[in-house]
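Topology and contacts: notes
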Amino acid sequence: MTRAMTETAVPTAAPARWQDYFQLLKPRVMSLVVFTGLTGLVCAGKPMHPLLACVAILCIAVGAGASGALNMWYDSDIDAKMRRTRARPVPSGKVQGADALALGVTLSLLSCMLMLIAIGWLAAALLAFTILFYAVVYTMWLKRSTPQNIVIGGLAGALPPVIGWAAAAHAVPMNAWLLCAIIFMWTPPHFWALSLYTSADYGKAGVPMGPVVWGAAKTRLQILVYSLLLVPLCQVPLFTGLGGMVYAAVAAPGGLLFLILAWRLFKSQAGDGGVVGETGLYEVKAGSKDARNLFAFSILYLFAMFAALLAERMLGVPPGLSL
Amino acid sequence: MKNDSNDADRARRGRNIMIALGLVAFVVLIFVVTYVRLQGNLGARPL
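Analysis parameters
- Residues numbered from 1 in each chain as written.
- Chains lettered and ligands numbered in written order.
- Predicted model: local features only at pLDDT ≥ 70, side-chain atom pairs only at ≥ 80, totals over all residues.
- Helix = DSSP H or I, 4+ residues; strand = E, 2+ residues; numbered from the N terminus.
- Rg over C-alpha atoms; globule rule 2.2 N^0.38 Å.
- Buried ≥ 20, exposed ≤ 12 C-beta atoms within 10 Å, placed from the backbone.
- Contact = placed C-beta atoms within 7 Å.
- Nonpolar A, V, L, I, M, F, W, Y, C, P; charged D, E, K, R; others polar.
- pLDDT = per-residue confidence, 0-100.
- Domains from an automatic or database assignment.
- Axes fitted to C-alpha atoms, helices over the stretch in contact; angles between N-to-C directions.
- Left-handed = near helix turned anticlockwise from the far one by under 90°.
- Expected span 1.5 Å × (residues − 1).
- Arc of directions from axis to C-beta.
- Parallel < 35°, antiparallel > 145°, perpendicular 65-115°, else oblique.

We now examine the overall build of chain A. Along the backbone of chain A there are 14 helices and zero strands. From first element to last, N terminus to C terminus, chain A shows the α and β order α-α-α-α-α-α-α-α-α-α-α-α-α-α. Taking 2.2 N^0.38 as the reference for a compact globule, 323 residues should give roughly 20 Å; the C-alpha atoms of chain A span a radius of gyration of 20 Å, in line with that estimate. Summarising its shape, the C-alpha atoms of chain A cover approximately 60 × 50 × 30 Å along the three principal directions. Across the 323 residues that make up chain A, the buried fraction comes to 48%.

In structure tokens:
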């Protein structure tokens, strides 16, 4: 742990509003986690009281928010150095670090406790593990120490469908872990594509993201390798009784396009400039457009696959490739 | 100076209201979850 345990928040005259505390929960990440958690819950295919299903999803969302608050408390020193994150509530001085910590710990305890009372010990234990993994293993340890940070740390973002499945079925069969594996393998190409055109920001903050440590060329190769592993993995649900024809119609052509974009990125010069201009953080240079394209498509690909699984369960489409 | 004080009061009031609403929602949620779970367990009990 290299972080200096000092208070980095800069006091400002503006008093903290409740909206500033809400921003600590990373609402956009929460919405993604709700979506993948809901997919796991629905794909489990077990009857569940609608209220308990809503409570399970709420617990997953609040647990994710608590992780976000703990992350913002611990990372306030490096957030202050990066243009993407310097406006966050703690580095901007709107909320004190101690308050972010208190909010994170309180919501972690409440979400796990409610999950235990409403659903059961398995879902509660998985939720507690996910929060601890994100806050301690990823935020406090991996993020500042290795370029593999988002590979291993990606497990925290991949677990919500497993928690959702466990909430509905009180068990986590292979198909639940398959959803987890898909998000886990999707995370490196997604984040490395982003970091190829924001690497100067990470370098300035001393975060060892791929392009900062390895350089752009090796990062592009790593993205291609992970893409070659991800796309076949995304076809596996067709053979395990999880995905049907709708899923196949999304996963197969989408996977092909994913590989084409990863190949184009590999052959491009994306990230070679390595510098982000002061005028615009996400201003994409001509050479980095391939990185931006893969980053944007990766979000669409994951969303479409999970939406297809949700739609199939709701419409009663049988799994497998038979009509 | 007075404006700063008013802003701080307004912000504090907003935070207090949100905390109160959150606590009330949590209590109601616990009550409803307990009711639903008890109902389910009673329904599953053999006669």
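Moving on, there is more to tell.
It is worth spelling out the overall build of chain B at this point. When helices and strands are counted, chain B shows one helix and zero strands. For chain B, buried positions account for 0% of its 47 residues.

This part is about the environment of A:Leu196. Residues and elements named next belong to chain A. Summarising the element assignment, Leu196 is placed in helix 9 (residues 174-196). A C-alpha to C-alpha distance of 37 Å links Leu196 and Leu321, two positions 125 residues apart in sequence. Once you skip the residues sitting within four places of it in the chain, Leu196 turns out to touch Pro211, Ala216, Thr219, Ala270, Gly271, Ser288 and Ala291.

Facing the 15 residues of chain B at the interface are twelve residues of chain A. In terms of residue class, the side of chain B that touches chain A is made up of nine nonpolar, two polar and four charged.

For the rest of this paragraph, the subject is the confidence of the model for chain A. Residue and element names in this part refer to chain A. Summarising the model, chain A shows a mean pLDDT of 90, and 91% of its residues fall at 70 or more. Across residues 4-9, where pLDDT falls below 50, the model places twelve contacts with residues more than four positions away in sequence or in other chains. This stretch, residues 275-279, has a pLDDT under 50; its non-local contacts, to residues over four places away or in other chains, come to seven contacts.

So, on to the environment of A:Leu194. Checked against the element boundaries, A:Leu194 lands in helix 9. Between the C-alpha atoms of A:Leu194 and A:Leu126, which are 68 residues apart in sequence, the distance is 29 Å.

On to the domain arrangement of chain A. Residue and element names in this part refer to chain A. Segmenting chain A into domains produces domain 1 (20-172) and domain 2 (174-323). The C-alpha-based centres of domain 1 and domain 2 are spaced at 21 Å. Facing 27 residues of domain 1, the contacting portion of domain 2 comprises 27 residues. Looking at the side of domain 1 that touches domain 2, the elements that each hand over two or more residues are helix 2 (27-43), helix 6 (121-145), helix 7 (149-158) and helix 8 (160-169). For the side of domain 1 that touches domain 2, a count of residues per class yields 15 nonpolar, seven polar and five charged.

Another aspect to go through is the packing of helix 2 of chain A against helix 3 (residues 50-74) of chain A. Residue and element names in this part refer to chain A. Running from N to C, helix 2 and helix 3 cross one another at 145°; their axes reach a closest spacing of 9 Å. When the axes of helix 2 and helix 3 are compared, the crossing they make is right-handed. Facing helix 2, whose interface residues are Val29, Met30, Val33, Val34, Gly37, Leu38 and Leu41, helix 3 presents Ala53, Ala56, Ile57, Ile60, Ala61, Ala64, Gly65 and Gly68. Residues that form the contact of helix 2 with helix 3 fall into these classes: twelve nonpolar, three polar and no charged.

We now examine helix 5 (residues 97-118) of chain A. All names here are of chain A. The end-to-end C-alpha separation of helix 5 is 31 Å, in line with the 32 Å expected for 22 residues at 1.5 Å each. Listing the buried residues of helix 5 in full gives Gly97, Ala100, Leu103, Gly104, Leu107, Ser108, Ser111, Cys112, Leu114, Met115 and Ala118. The buried residues of helix 5 occupy an angular sector of 160° when projected down its axis, which confines them to one face. Residues Ala98 and Thr106 are exposed on helix 5 and point more than 90 degrees away from its buried face. After helix 5 finishes, the residue Gly120 shows a positive phi value of roughly 155°.

Residue and element names in this part refer to chain A. It is at 7 Å that the axes of helix 2 and helix 8 come closest, and there the two elements cross at 40°. Regarding the angle of helix 2 to helix 8, the classification is oblique. Two packed elements cross with a definite hand, and for helix 2 against helix 8 that hand is right-handed. Taking contact as the criterion, the partners of Val33, Thr36, Gly37, Leu38, Thr39, Gly40, Leu41 and Cys43 in helix 2 are, on helix 8, Pro160, Pro161, Val162, Ile163, Gly164, Trp165, Ala167 and Ala168. In terms of residue class, the contact of helix 2 with helix 8 is made up of eleven nonpolar, five polar and no charged.

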